[in-house]
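# Coordinates in review
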Amino acid sequence: MTNRSRVYNFSAGPAMLPTEVLEASAAALLDFQGKGFGIAECSHRGKEFDGVIDEAIARCKALLGLGDSHDVLFVQGGATQLFTTIPMNLVAAGAVPEYVVSGEWSKKAADAAKPYAAKVLASSEATQFDRPASGWTASDGAAYLHVCSNETVHGHRLAEWPTHPNLVVDASSEFMSRPHPVGRSALVYAGAQKNLGPAGVSVVLVRKDLYPRIAKTVPKIFSFSALAENKSMLNTPPTFGIYILLETFRWLERQGGLAAMEQRNAEKAGLLYAAIDGSNGWYRGTVAETAARSHMNVTFRLPSDELADRFVKEAEKQGLTALKGYRTVGGIRASIYNAMPVAGSQTLASFMRDFQAKNG
Ligand SMILES: Cc1ncc(COP(=O)(O)O)c(C=O)c1O
């Protein structure tokens, strides 16, 4: 349909989306199935949108290999609203939630749970979050154990999700980039704007046996059980955002599903880490443990801030955009979510080698 030229966009989010998804969504925005109105122009109570949300739920579950144990919710308010409402929903009297703090996002989540007497089991802040926090043991009797499986700012991930009877995972920046053990998790949440679609919609997978814990005092609009009962339509949901998610789920299936994405993402990340590791220390990866390096957000530094600035500017001129590191951390961050093709990583890796040859 469109023929606009695309740069390789390494933004951490909102981020690059597959062209096929954008084209199909743009067509549905103009006209949905030849009906003379677009998908953003019809009621969420009508049969057109009902079909969209049913298919989105079914495809989301199919991609994750998820059965009837969990509900799929689409909510507004971002991952921030979710890490705020999770303790409100899941901390029953007498139980305490436990948090592992490995970076910016798990720290913010733990802070949001302070009014619920959240216990921080371990933190890697003393080493500037250069690795996932370690040396912790969660108690089975905790209200839940919260982890962030991929720290977007600091560029590391949990290669394996931990095991806990009530595991809660912020998977925002790696959701559907690989298969996830959702079936053995209590609750998994992700803002869409990295791997799935536009900002303004988040996905929550919630185990149904948690509903009896939710106190009657939780406002309905924040209650996971009330949202599930109403198929995420207690009020008007972000209809167009959910439509884009549906197109992304269809696209993921066409790519071969999450196992295929995992392989492709490992290849893309491997190209960039090889450029870092092959630079004789000129590029310095920021993550202390190789095994914990993120496959989504590749973070590194150059010998000086001035060189990092020049790197970002020269990359931009070559169609490699949004490589500046997070505002509080600096350096370079290349986010290579599902939509980034292998060619994008190859182009960046060769730019890195050329840049070093000219400036090293
Ligand atoms: C891992 C993680 N969790 C939570 C958030 C917060 O998401 P939002 O801005 O949608 O509330 C982000 C945003 O980048 C993130 O990367």
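Residues numbered from 1 in each chain as written. Predicted model: local features only at pLDDT ≥ 70, side-chain atom pairs only at ≥ 80, totals over all residues. Heavy atoms only, no water.

### Some points on helix 4 (residues 104-112)
Here helix 4 has its buried residues at E104, S106, A109 and A110. Lining the buried residues of helix 4 we find helix 3 (78-90), strand 3 (98-101), strand 4 (119-123), strand 5 (145-148), strand 6 (150-151) and strand 9 (187-191). (Buried < 20%, exposed > 50% of the residue type's maximum accessible area, 1.4 Å probe, protein only. Helix = DSSP H or I, 4+ residues; strand = E, 2+ residues; numbered from the N terminus. Contact = heavy atoms within 4.5 Å.)

### Some details on the environment of A142
Mapped onto the elements of the fold, A142 is located in the loop between strand 4 and strand 5. In this structure A142 comes out as buried when scored by relative accessible area, which is 6%. Through-space distance from the C-alpha of A142 to that of G360 is 51 Å; in sequence the pair is 218 residues apart. Those residues within four positions of A142 in sequence are excluded, and the remaining contacts are V96, E98, H164 and N166.

### Looking at the pairing of strand 3
Regular strands place their side chains on alternate faces of the sheet. Here strand 3 shows two buried faces, one formed by E98 and V100 and the other by Y99 and V101. In terms of strand pairing, strand 3 meets strand 4 through four bridges, oriented parallel. In the sheet register, V101 faces strand 4, and the bridge partner there is S123. This β-α-β element, strand 3 to helix 4 to strand 4, shows right-handed connectivity. Pairing between strand 3 and strand 5: two bridges, direction parallel. Residue pairing in the sheet places E98 in a bridge with L145 of strand 5. (Pairing = 2+ DSSP bridges. Right-handed = clockwise from strand over helix to strand, strands pointing away.)

### Structural notes on the site of the ligand
The environment of the ligand is formed by G78, A79, T80, W105, C148, N150, T152, D170, S172, S173, Q193 and K194. Between the ligand and the protein, one listed contact pairs an oxygen atom with a side-chain N or O atom of T80 at 2.5 Å. A distance of 2.8 Å is found between an oxygen atom of the ligand and a side-chain nitrogen or oxygen belonging to K194. Expressed as a share of its isolated accessible area of 390 Å², the protein-covered part of the ligand is 84%. Among the cavities detected, the one that contains the ligand is the largest pocket. (Near = heavy atom within 4 Å. Polar contact = N/O pair within 3.5 Å; in protein donor to acceptor, adjacent residues only side chain to side chain. Areas by Shrake-Rupley, 256 points an atom, 1.4 Å probe, with all protein chains shown as cover. 1 Å grid on protein atoms, 1.4 Å probe; cavity = no way out; pocket = protein on both sides within 12 Å on 5 of 7 lines; lining within 4 Å. Sits in = over half its atoms within 2 Å of the grid points.)

### Notes on the packing of helix 3 against helix 4
Between helix 3 and helix 4, whose axes approach to 8 Å, the crossing angle comes to 40 degrees. Regarding the angle of helix 3 to helix 4, the classification is oblique. In the packing of helix 3 onto helix 4, the handedness of the crossing is right-handed. For the pair helix 3 and helix 4, contact is made by T80, F83 and T84 and by W105, K108, A109 and A112, respectively. Among the residues forming the contact of helix 3 with helix 4, the class breakdown is four nonpolar, two polar and one charged. (Axes fitted to C-alpha atoms, helices over the stretch in contact; angles between N-to-C directions. Parallel < 35°, antiparallel > 145°, perpendicular 65-115°, else oblique. Left-handed = near helix turned anticlockwise from the far one by under 90°. Nonpolar A, V, L, I, M, F, W, Y, C, P; charged D, E, K, R; others polar.)

### Focus on the sheet that holds strand 12 (residues 297-301)
One open sheet holds the three strands; their spatial order is 11-12-14, and the pairing between them is antiparallel. Looking at which strands have only one partner, the edges of the open sheet turn out to be strand 11 (284-285) and strand 14 (332-335). The pairing of strand 11 with strand 12 spans two bridges and is antiparallel. Opposite R284, over in strand 12, you have R301 as the bridge partner.

### Quick look at the packing of helix 2 (residues 47-64) against helix 6 (residues 239-254)
Put simply, helix 2 and helix 6 touch, their axes get as near as 9 Å, and they point 40 degrees apart. Classified by the angle their axes make, helix 2 and helix 6 are oblique. In this structure, helix 2 meets helix 6 at a crossing whose hand is left-handed. Across from F49, V52, I53, E55, A56, R59, C60 and L63 in helix 2, the residues of helix 6 making contact are T239, I242, Y243, L246, F249, R250, L252 and E253. Among the residues making up the contact of helix 2 with helix 6, the classes are represented as 11 nonpolar, one polar and four charged.

### A word on the layout of surface pockets
In this model, the largest pocket occupies a volume close to 290 Å³. The leading source of residues in the lining of the largest pocket is helix 3, at four residues. In terms of residue class, the lining of the largest pocket is made up of 10 nonpolar, eight polar and three charged. (Points joined across faces, edges and corners; volume = space filled by probe spheres on them.)

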